[in-house]
Protein chains: 2
Amino acid sequence: MVDTTADSDLLDLRKGRPAAGQDPVKRAQIIEGARRVFIDKGFEAASMNDITREAGVSKGTIYVYFENKEELFEALIEEERGTIFKNMYEVLDHFEDLRKTLVKFGTGLSIKITSAKVIQAQRTVVGAADRIPELGARFYERGPKRGHDKVVSFLNEAIARGLLEIPDVDLGAYQFTELCLAGLFRQCIFSYRTKAPSQAEIEKIVTSGVDVFLKAYGTEKFFAEERASASA
Amino acid sequence: MVDTTADSDLLDLRKGRPAAGQDPVKRAQIIEGARRVFIDKGFEAASMNDITREAGVSKGTIYVYFENKEELFEALIEEERGTIFKNMYEVLDHFEDLRKTLVKFGTGLSIKITSAKVIQAQRTVVGAADRIPELGARFYERGPKRGHDKVVSFLNEAIARGLLEIPDVDLGAYQFTELCLAGLFRQCIFSYRTKAPSQAEIEKIVTSGVDVFLKAYGTEKFFAEERASASA
DNA sequence: AGCAAATCGAACCGAGTGGTTCGAAATATT
DNA sequence: AATATTTCGAACCACTCGGTTCGATTTGCT
C-alpha cells in the first residue's frame, strides 16, 4: 500500500542499514513476541497490543513488517512448522536395519508431536483452522503430509527389498504413523494429558506399534533375516 | 448473586410456569443459538450479542440461565459431547463374530469422528483447550475415553475366548482405534480435508485396519475358526 | 558533524467487548 | 379480569479491539 522506499523499486543495493520492514533481526524479534502471545492465547484472543508489549516493538513498526494481524500469524505458523518438522525425517534417508529404523523414526516423531510446545502450536493452528482453513491445510501439507510422503518412499524401498508386503502403501504409511502415536495425539491436544508422555512410555508404544506393523506387513524374508541376525 | 426467587428457597412446587431460568425449552433455545455461534466462530470470537441474535433471546434472559459466557460454553460442549458419543458403543455389547464386530464398530466410530459437524465441534474444544484445559479434559474423559474403556473390555472378552492375544490390552485398544482412523482425524481437524471422507474410503481403511490388528493379535484359534466358517 | 531514514510512542478512530441494569411488555395462573 | 413473574429490549459501563497516523527520537551511514 504505502511505498516507503520512494521510487527505488528498480533495485535496492543499499548495503548498510536495512530498508524499512527489511531488517531480519527486527522481524525475528516481532515474530518471537507474536509467538508467545499467539501460542498461549490463540489467534482471536491475542491482541496486537499484547504483541507490541511482548516484542518490545512499537505498533507502527509491526505494521511496517506485516500487513495485518492475520499475515503476522501466518508468518509465525510458517516458521513454527519449519522448526517443528526440521530434521525429523532424515533418519529415513539411509536404509539400514528395518525394525530399528522404524522404531527410531517413530520415537522421534512421537516425542516431537506430543511435546508441550508443539502441542500448543498445533492447538493454535487447529483453533484457527475454522476461520482460516487454508492456514491449517498449508500447515498439514508442508508438515505432516511431507513426512507421510517420506514414510511412503521408505516403505516402498523396504518393499523393493522384499522385506515388506503392503497392498496399499499410502494407507500403510498412515497406519504406521498412527500406531506410533496410539492415542497420544488426541489425548494431548484435548489437554487430557497435561504433560508430555515420558520417553519410556513413548518407547513402549512405538516398540509395540512397530511390532504390530511388522507382524501385519513383514515378509517371510524379513523375519528370516531377523532370526538370522539375532542368532549371530 | 441475585436472588430472583425471593424467599422461596425452601421448596418450589409451582407446577405451571417454570421458574426463572428453569424452562428447559428456553434453555435449549439458548444453547441452540450458542451452538451455531460458538462452533463456527470459536470461543473467543463468539460474542454474547451474536448468540442473543442467533437464539432469538434477549441478553438479560441468557444471563438468567447462565452465569457467564464460559458457563454457557461449557453447557454447550457438555451437550455436544453427549450427542456425539451416543449410541456409538452399543455394537460392542453383544459379542458375535469378532472381525465383523470390529469392522462395524470401527466404521461407525470413523464416520462419526470425521463428520463435518463433529470435526467443527472438536476444533472448538481444542481451540479452547489452551485457555480452559479442564474443559478439553472433561470432553475427552467423558467422550473418547469412555469409548476406549468399552473397547478394552470388548478386547478382554475376546481374549477370554481365546481369540486374541494382546500383551497390553490398553495399548492394544488405542492401536485399534487409531488404525480405524489412519490419519483421517488429523487431516480433518487441520482442515487439510475440507469434506468428510466417503463411506467407501472409510470402509477401505477400517477393513485394512482390522486386518492389521488381527494379523498382529489374532490367535491360531481365531484364524482356524475363521477358515472353518469361511468354507462352511 | 550532518543527514537521511527507520523506529518509536502516543493519540486517535469507530466498532465491538462481556457484563449489568431496569422499566416495559408479554405471559400464564388464579 | 386481575395478578404475579418471566422475558424483552435497549441503554449503559469501562474497556479493548485492529488499524492508522504523525511528529519526535534514535539510528547508522557518509
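Since the structure is predicted, the reported quantities are computational estimates derived from the model, not experimental observations.

**Some thoughts on the UniProt feature "domain: HTH tetR-type" (unreviewed entry) in chain A**
Turning to step 1, where the next piece is worked out: According to UniProt, the feature "domain: HTH tetR-type" (unreviewed entry) maps to residues 24-84 of chain A in the numbering used here.
Turning to step 2, where the next piece is worked out: Secondary structure content for residues 24-84 of chain A is 87% helix and 0% strand, while the C-alpha to C-alpha distance between its ends is 20 Å.

**Looking at the environment of H94 of chain B**
Residues and elements named next belong to chain B.
Turning to step 1, where the next piece is worked out: One can find H94 in the loop between α4 (69-84) and α5 (98-114).
Turning to step 2, where the next piece is worked out: In this structure H94 comes out as exposed when scored by relative accessible area, which is 60%.
Turning to step 3, where the next piece is worked out: When the C-alpha positions of H94 and E32 are compared, they lie 35 Å apart, and in sequence the two are 62 residues distant.

**Some thoughts on the packing of α5 of chain B against helix α6 (residues 116-129) of chain B**
Residues and elements named next belong to chain B.
Turning to step 1, where the next piece is worked out: Taken N-terminus to C-terminus, the directions of α5 and α6 make an angle of 60 degrees; their axes are 5 Å apart at the nearest point. One element, α5, and the other, α6, form an angle in the oblique class. Residue-level contacts link K112, I113 and T114 of α5 to A116, V118, I119 and Q122 of α6.
Turning to step 2, where the next piece is worked out: Partitioning the contact of α5 with α6 into residue classes produces four nonpolar, two polar and one charged.

**Observations concerning the interface of chain B and chain A**
Turning to step 1, where the next piece is worked out: Of the residues lining the interface, 48 residues belong to chain B; the matching set on chain A comes to 48 residues.
Turning to step 2, where the next piece is worked out: Regarding the contact of chain B and chain A, the summed buried area is about 4400 Å², with carbon and sulfur atoms giving 64% of it.
Turning to step 3, where the next piece is worked out: The interface formed by chain B and chain A holds four salt bridges in total.
Turning to step 4, where the next piece is worked out: Note that D168 of chain B is salt-bridged to K204 of chain A, the shortest N-O span being 3.2 Å.
Turning to step 5, where the next piece is worked out: In this structure, the connection of chain B to chain A is made through 14 residue pairs in polar contact (both at pLDDT 80 or more).
Turning to step 6, where the next piece is worked out: Elements supplying a minimum of two residues to the side of chain B that touches chain A: α1 (24-45), α6, α7 (133-142), α8 (144-160), α9 (169-181), α10 (184-189) and α11 (199-217) of chain B.
Turning to step 7, where the next piece is worked out: Top contributing element to the side of chain B that touches chain A by residue count: α11 of chain B, with eight residues.

**Side note on unusual backbone geometry**
Turning to step 1, where the next piece is worked out: Residues other than glycine seldom take positive phi values, yet S191 of chain A does so here, at roughly 60 degrees.
Turning to step 2, where the next piece is worked out: Checked against the element boundaries, S191 of chain A lands in the loop between α10 (184-189) and α11 (199-217).
Turning to step 3, where the next piece is worked out: S191 of chain A gets classed as buried once you look at its relative accessible area, which sits at 5%.
Turning to step 4, where the next piece is worked out: The phi dihedral of N87 of chain B is positive, around 60 degrees, even though this residue is not glycine.
Turning to step 5, where the next piece is worked out: By secondary structure assignment, the location of N87 of chain B is in the loop between α4 and α5.

**Some remarks on the side chain of Q122 of chain A**
Turning to step 1, where the next piece is worked out: Secondary-structure assignment places Q122 of chain A in helix α6 (residues 116-129).
Turning to step 2, where the next piece is worked out: Side-chain polar atoms of Q122 of chain A contact the backbone oxygen of I113 of chain A, separated by 3.2 Å.

**So, the packing of α8 of chain B against α9 of chain B**
Think of two packed helices as two axes; the pair is described by the angle between the axes and how far apart they sit.
All names here are of chain B.
Turning to step 1, where the next piece is worked out: Put simply, α8 and α9 touch, their axes get as near as 9 Å, and they point 115 degrees apart. Viewed along their axes, α8 and α9 adopt a mutual orientation that is roughly perpendicular. The two elements α8 and α9 meet at a crossing, and its hand is right-handed. Counted together, K145, H148, V151, V152, L155, N156 and I159 of α8 and V169, D170, G172, A173, Y174 and F176 of α9 form the full contact between these two elements.
Turning to step 2, where the next piece is worked out: Broken down by class, the residue content of the contact of α8 with α9 amounts to eight nonpolar, three polar and two charged.

**Considerations on α11 of chain A**
Turning to step 1, where the next piece is worked out: When the terminal C-alpha atoms of α11 of chain A are compared, their 26 Å separation across 19 residues agrees well with the 27 Å that a helix rising 1.5 Å per residue should span.
Turning to step 2, where the next piece is worked out: Looking at α11 of chain A, one finds that the buried residues are I202, I205, V206, S208, G209, V210, V212, F213, L214, A216 and Y217 of chain A.

**A look at the side chain of S208 of chain A**
Turning to step 1, where the next piece is worked out: Inspection of the secondary structure puts S208 of chain A in helix α11.
Turning to step 2, where the next piece is worked out: Setting aside residues up to four positions removed in sequence, S208 of chain A forms contacts with L171, Q175 and Y217 of chain B.

**Looking at the state of the cysteines**
Turning to step 1, where the next piece is worked out: Going through the model one piece at a time under the given rule, you end up with zero disulfides over all chains.
Turning to step 2, where the next piece is worked out: Free cysteine C180 of chain B: the closest other cysteine sulfur is in C188 of chain B, separated by 15 Å.

**Observations regarding the relation of the copies chain B and chain A**
Turning to step 1, where the next piece is worked out: Once chain B is rotated about the relating axis by 180 degrees and shifted along it by 0.0 Å, it coincides with chain A to within an RMSD of 0.0 Å. Taken together, the rotation and translation relating the two chain copies correspond to the operation of a two-fold axis. Taking C-alpha positions as reference, the residue of chain B nearest the rotation axis is G127 of chain B, located at 1.9 Å.
Turning to step 2, where the next piece is worked out: Comparing interface residues between copies, 100% of those in chain B also lie at the interface in chain A; the contact surface is shared.

**A look at the confidence of the model for chain A**
Turning to step 1, where the next piece is worked out: Across chain A, the average pLDDT comes to 88, with 91% of residues at or above 70.
Turning to step 2, where the next piece is worked out: Between residues 1-17 of chain A, whose pLDDT stays under 50, and residues either more than four places distant or in other chains, the model counts six contacts.

**Some thoughts on the domain arrangement of chain A**
Residues and elements named next belong to chain A.
Turning to step 1, where the next piece is worked out: Taken domain by domain, chain A holds domain 1 (24-76) and domain 2 (85-231).
Turning to step 2, where the next piece is worked out: Its C-alpha centre places domain 1 at a distance of 33 Å from the equivalent point of domain 2.
Turning to step 3, where the next piece is worked out: When domain 1 packs against domain 2, the two sides together hide about 710 Å² of surface, and 67% of this comes from carbon and sulfur.
Turning to step 4, where the next piece is worked out: For domain 1, the biggest contributors to the area lost against domain 2 are I39, F73 and E74; these three give 62% of the whole.
Turning to step 5, where the next piece is worked out: Linking domain 1 to domain 2 there are two salt bridges.
Turning to step 6, where the next piece is worked out: Applying the counting rule to domain 1 against domain 2 returns two residue pairs in polar contact (both at pLDDT 80 or more).
Turning to step 7, where the next piece is worked out: Contributions of two or more residues to the side of domain 1 that touches domain 2 are made by α1 (24-45) and α4 (69-84).

The rules behind these values
- Residues numbered from 1 in each chain as written.
- Chains lettered and ligands numbered in written order.
- Predicted model: local features only at pLDDT ≥ 70, side-chain atom pairs only at ≥ 80, totals over all residues.
- Heavy atoms only, no water.
- UniProt positions renumbered as here; feature names shortened; annotations may be inferred.
- Helix = DSSP H or I, 4+ residues; strand = E, 2+ residues; numbered from the N terminus.
- Buried < 20%, exposed > 50% of the residue type's maximum accessible area, 1.4 Å probe, protein only.
- Axes fitted to C-alpha atoms, helices over the stretch in contact; angles between N-to-C directions.
- Parallel < 35°, antiparallel > 145°, perpendicular 65-115°, else oblique.
- Contact = heavy atoms within 4.5 Å.
- Nonpolar A, V, L, I, M, F, W, Y, C, P; charged D, E, K, R; others polar.
- Buried area = accessible area lost by both parts, 1.4 Å probe.
- Salt bridge = Lys/Arg side-chain N within 4 Å of Asp/Glu carboxyl O.
- Polar contact = N/O pair within 3.5 Å; in protein donor to acceptor, adjacent residues only side chain to side chain.
- Left-handed = near helix turned anticlockwise from the far one by under 90°.
- Expected span 1.5 Å × (residues − 1).
- Disulfide = S-S within 2.5 Å.
- Least-squares fit on C-alpha atoms with pLDDT ≥ 70 in both.
- pLDDT = per-residue confidence, 0-100.
- Domains from an automatic or database assignment.

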